[in-house]
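# Coordinate inspection notes
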Amino acid sequence: MRYPETKENEVEPMRKTFLLLLVSATLLSACQSRYNPVNWFGNGEEVEVDPNAAPPNPLLPEKSAIARPEEVYPGVPITRVTELKIERVAGGAIIRATGVADRQGVFALKLRPLNEGEAVDGVLTYEFLGIHPQNPIGIGAESSRTLIVAHSLTDQQLEGVRTIKVTAHQNALQARR
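Residues numbered from 1 in each chain as written. Predicted model: local features only at pLDDT ≥ 70, side-chain atom pairs only at ≥ 80, totals over all residues. Heavy atoms only, no water.

Quick look at unusual backbone geometry now. For N115, which is not a glycine, the phi torsion comes out positive at approximately 60°. By the secondary structure assignment, N115 is in the loop between β4 (107-113) and β5 (123-131). Even without a glycine there, the phi angle at E116 is positive, about 55°. Within the secondary structure, E116 sits in the loop between β4 and β5. Taking the relative accessible area as the measure of exposure, E116 reaches 76% and is therefore exposed. (Helix = DSSP H or I, 4+ residues; strand = E, 2+ residues; numbered from the N terminus. Buried < 20%, exposed > 50% of the residue type's maximum accessible area, 1.4 Å probe, protein only.)

Laid out in structure tokens, this is it:
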């Protein structure tokens, strides 16, 4: 395949145009002008806040007449915690606790955070809870009373936490970072 021959003086204006565009783009990116697309919103600046401002969302009432009362979780602490693992995942961690109940049939397991989910001296504490059946099934073997529960945490919730502790009725286990 043959390419058409170009004259040396035809290529020169294209080079000059390209060079001019390159130089102007470099200069424009360094300046703080409104023509630079990177600076369209500019830098953040401090503004005053009105202390008498309306609530965050004025369309939502502060207290609703149709709001249901928060359901009370009837769980009680299980007998003892036998294993505690903290598994790192993208964006946080998963707490996985294994425990043994005093009878069979315990259900609706939960790790309830103590201290409103805030770490105290770098220790985040959870209570291992379960709901016992109204009609007990029986005691049974330990393997039939073994329970596993998991709870996820975000990186924000883990900030400043050095130890995670899970408590039960007879004991507690903790895992350190």
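As paired elements, strand β7 (residues 163-167) and strand β8 (residues 172-176) share five bridges and run antiparallel to each other. Paired with T163 across the strands is R176, a residue of β8. Where β7 folds back on β8, the antiparallel hairpin that results is connected by four residues. (Pairing = 2+ DSSP bridges.)

The next point concerns a nonpolar patch on the surface. A surface patch of nonpolar side chains, about 410 Å² in accessible area, is lined by F18, L19, L22 and V23. Here V23 lies in helix α1 (residues 8-30). (Patch = residues over 30% accessible without salt bridge, like charges linked within 9 Å, V, L, I, M, F, W, Y side chains within 5 Å. Areas by Shrake-Rupley, 256 points an atom, 1.4 Å probe, with all protein chains shown as cover. Salt bridge = Lys/Arg side-chain N within 4 Å of Asp/Glu carboxyl O.)

The next thing to look at is the packing of aromatic side chains. Taken as a whole and assessed by the stated rule, the structure comprises zero aromatic pairs. Here K110 stacks its cationic end above the ring of Y73, 4.8 Å away from the centre of that ring. (Phe/Tyr/Trp six-rings, centres within 6.5 Å; stacked < 30°, edge-to-face > 60°. Lys NZ or Arg CZ within 6 Å of the ring centre and 35° of its normal.)

Before going further, it helps to examine the nonpolar core. I95, L111, Y126, F128, L153, I164 and V166 are the most contacted members of the largest nonpolar core, which has 21 residues in total. Contributions of two or more residues to this core are made by β2 (80-89), β3 (92-100), β5, β6 (146-154) and β7. For V166, the contacting residues outside a window of four places in its chain are V81, L84, I95, A97, L111, Y126, F128, A172 and L173. (Core = buried A, V, L, I, M, F, W, Y, C linked by side-chain atoms within 4.5 Å. Contact = heavy atoms within 4.5 Å.)

To continue, consider the environment of R112. Tracing the backbone shows R112 in strand β4. Look at R112 and you get partly exposed, because its relative accessible area is 34%. Distance in space between the C-alpha atoms of R112 and E127 is 5.1 Å, their sequence separation being 15 residues. Ignoring anything within four residues of it in the chain, the contact list for R112 reads T125, Y126, E127 and L129. A polar atom in the side chain of R112 sits 2.6 Å from the side chain of E127. (Polar contact = N/O pair within 3.5 Å; in protein donor to acceptor, adjacent residues only side chain to side chain.)

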